[in-house]
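Structural characterization, general
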Amino acid sequence: SVCVCPLLDSEKFSCSICLDLLKDPVALPCGHSYCMRCIQSCWDGEDQRRIYSCPQCRQTFTPRPVLVKNTMLAELVEELKKTELQAPPDGCYAGPGDVACDVCTGRKLKALKSCLVCLVSYCQQHLQPHYESPAFENHKLVDPSKNLKDKLCSRHDEVMKIFCRTDQQCICYLCSMEEHKGHDTVSAAAERTERQKELEESRKTIQQKIRDRDKDLRVLQQEVAAINRLADGAVEQIRSQQKAVVSRAEELEEKLKQEIAELRRKDAELEQLSHTEDHTHFLHSYPSLSRLSGSTQLPCTDIRPLRRFQDVTAALTELRNKLQGVLSEDRTTISTLTKPDALLPQPEPRTRAEFLQYSCQMTVDTNTANSRLLLSEENRKVTRIWGKQRYSDYSVRFISYAQVLSRESLTGRCYWEVEWSGEQIVSIAAAYQDTYRIGDQSLFGYNEKSWAFECHNNNFQFIHDSEETPIQGPVSSRVGVYLDHRAGVLSFYSVSETMTLLHRVQTTFTQPLHAGLHVYFYGSTAEFCELK
């Protein structure tokens, strides 16, 4: 094996801008190194301000430093490339759970194949004789296996290539001539073929059950949503009644407090008068002090909390009975409600004024924004930046791509517009809230939960579930998106003096949608437009 110098670590000799090994390396006055082309491109964007900074430590330089190739650093990078070409990649070595090559000495490489004749596992290098030498022509190579000894007959130490259908077990050819003589035997490969057919049929049955259960799940989710809407309406009504009753009770409470204070003052005056010994004063004052003002009348119909909660209980009982009726409806009724005829799209608007009747004001959900997106314009605009924003660590935040979802949930008929700019690609999307957040499948359009319309400098492209469709049409920096959620229609328009349809999708949406934005390259922007 080749010994790689521990001082040559590829990560230490990588450009933090392109994340690749340094090409024509240059060192800045602050000490950080970059590819000459990368740092020049970065500074070209700062020419207007005439203040140039290091992308890592943010130290500024004025005037623009003159960049000179670092010869010593370039030689070290070339030496690193040579050692990496000679040494096997780390991913080639066997780790826990991998099948190791039985021939390798020292640190073992992963096995590429196992031989059922040799009962040995080989890496790519040690496997070559099996491909090149006629001596190994009849050897059977299979995917790497740790349990090669299990393929041998424990009695005869021969490979078990025969299946005994009588005893339902694998045997060797000597077994078929001795204790299994006269039994119904076939080759293991033939039995595998038959069992494979049974397996495929079993999978079809299971997959059909999955589809049936998915339909049941969607129906149940719709029923739960209906229950929640009815319950929310009942709670809102209760809150409204509570507010009105409490307000009237508070007014009455204030009047009662005033009357009690007046009665206590009157009682104190009468007590004082009862102790006077002046009969004339007593007889003169008593008539006026003894008169009482009208008492506050308690409204027998307004303040009755117990009765009101009884009313609420009765209303909820009625609601429960209605919901039980919904849940017990025959499936045929549900099927009738979801016939394709009921989902036919309504006539689409034609003019921009007609589209604006369904306009939605969009803002981004900051909890979903990737850390390389800078938000502005009251959270309507996103810009791809070099560094990372210090956003809170939320589970719904996009990790792998510079994407963000709207805060608004979209159902019914909706229309919004996106203004984009930049020299590269911007993606305008619609996606479910539970779309993926990490990995290759989290990219808008490359999964079953999102629909993406990519805007390039000179063309468009639509992507859904990894299927890409080139779009021909007038390139515009403003794209309008029209959604008829119930009808399953999603359309993209080029917005100018006239509305030009670029692409229309006809599908079935099973969840509310959110608008999405993805900015591919640094400096590019995308903004949800304010529509009036």
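Structure shown above.
Residues numbered from 1 in each chain as written. Predicted model: local features only at pLDDT ≥ 70, side-chain atom pairs only at ≥ 80, totals over all residues. Heavy atoms only, no water.

1. Quick notes on the pairing of strand β15 (residues 426-432)
- With seven of seven residues buried, β15 lies mostly within the body of the structure.
- Going residue by residue along β15, you find V426, I428, A430 and Y432 tucked away on one face and S427, A429 and A431 tucked away on the opposite face as well.
- Where β15 and strand β16 (residues 450-455) come together, six bridges link them in antiparallel fashion. Each residue of the ladder has a partner; that of A430, found in β16, is W451. (Buried < 20%, exposed > 50% of the residue type's maximum accessible area, 1.4 Å probe, protein only. Helix = DSSP H or I, 4+ residues; strand = E, 2+ residues; numbered from the N terminus. Pairing = 2+ DSSP bridges.)

2. Thoughts on the sheet that holds strand β11 (residues 373-376)
- Ordered in space as β11-β12-β23-β14-β19-β20-β21, the seven strands form an open sheet in which the pairing is antiparallel. Taken across any chain shown, the strands that pair with only one partner, and hence form the sheet edges, are β11 and β21 (499-506). Shown here is a sheet whose adjacent strand axes are inclined to one another by a mean of 20°, direction ignored.
- Pairing between strand β20 (residues 489-495) and β21: seven bridges, direction antiparallel. Bridge assignment links Y493 to a residue of β21, and that residue is L501. (Axes fitted to C-alpha atoms, helices over the stretch in contact; angles between N-to-C directions.)

3. Quick word on the nonpolar core
- Formed by 38 residues in total, the largest nonpolar core has its most connected members in V382, W416, F453 and L490.
- With sequence-adjacent residues up to four places away left out, L490 is seen in contact with A430, W451, V481, Y482, L483, H503, R504, V505 and F509.
- Formed by 20 residues, the second largest nonpolar core is a distinct cluster that contains I17, L28, Y34 and Y52. (Core = buried A, V, L, I, M, F, W, Y, C linked by side-chain atoms within 4.5 Å. Contact = heavy atoms within 4.5 Å.)

4. Describing the sheet that holds β15
- Taken in spatial order, the six strands make up an open sheet running β13-β22-β15-β16-β17-β18, and their pairing is antiparallel. The open sheet is flanked by β13 (403-405) and β18 (467-471), the only strands paired with a single partner. Averaged over all neighbouring strand pairs, the angle between strand axes comes to 20°, with direction disregarded.
- Bridge count for β13 against strand β22 (residues 513-519) is three bridges, and the pairing is antiparallel. Note that in β22 the partner of V404 across the bridge is L517.

5. Things to note about the pattern of salt bridges
- Taken as a whole and judged by the stated rule, the model has 23 salt bridges.
- The salt bridge partner of E419 is R478, with a shortest N-O separation of 2.7 Å. Residue E419 is found in strand β14 (residues 413-421), and its partner R478 is found in strand β19 (residues 478-484); the two are separated by 59 residues along the sequence.
- For E419, a relative accessible area of 27% translates into the label partly exposed.
- For R478, a relative accessible area of 24% translates into the label partly exposed.
- Residues joined by salt bridges that share partners form a network here, namely R352, E417, E419 and R478. (Salt bridge = Lys/Arg side-chain N within 4 Å of Asp/Glu carboxyl O.)

Note that all results are geometric; they support no functional claim without further evidence.
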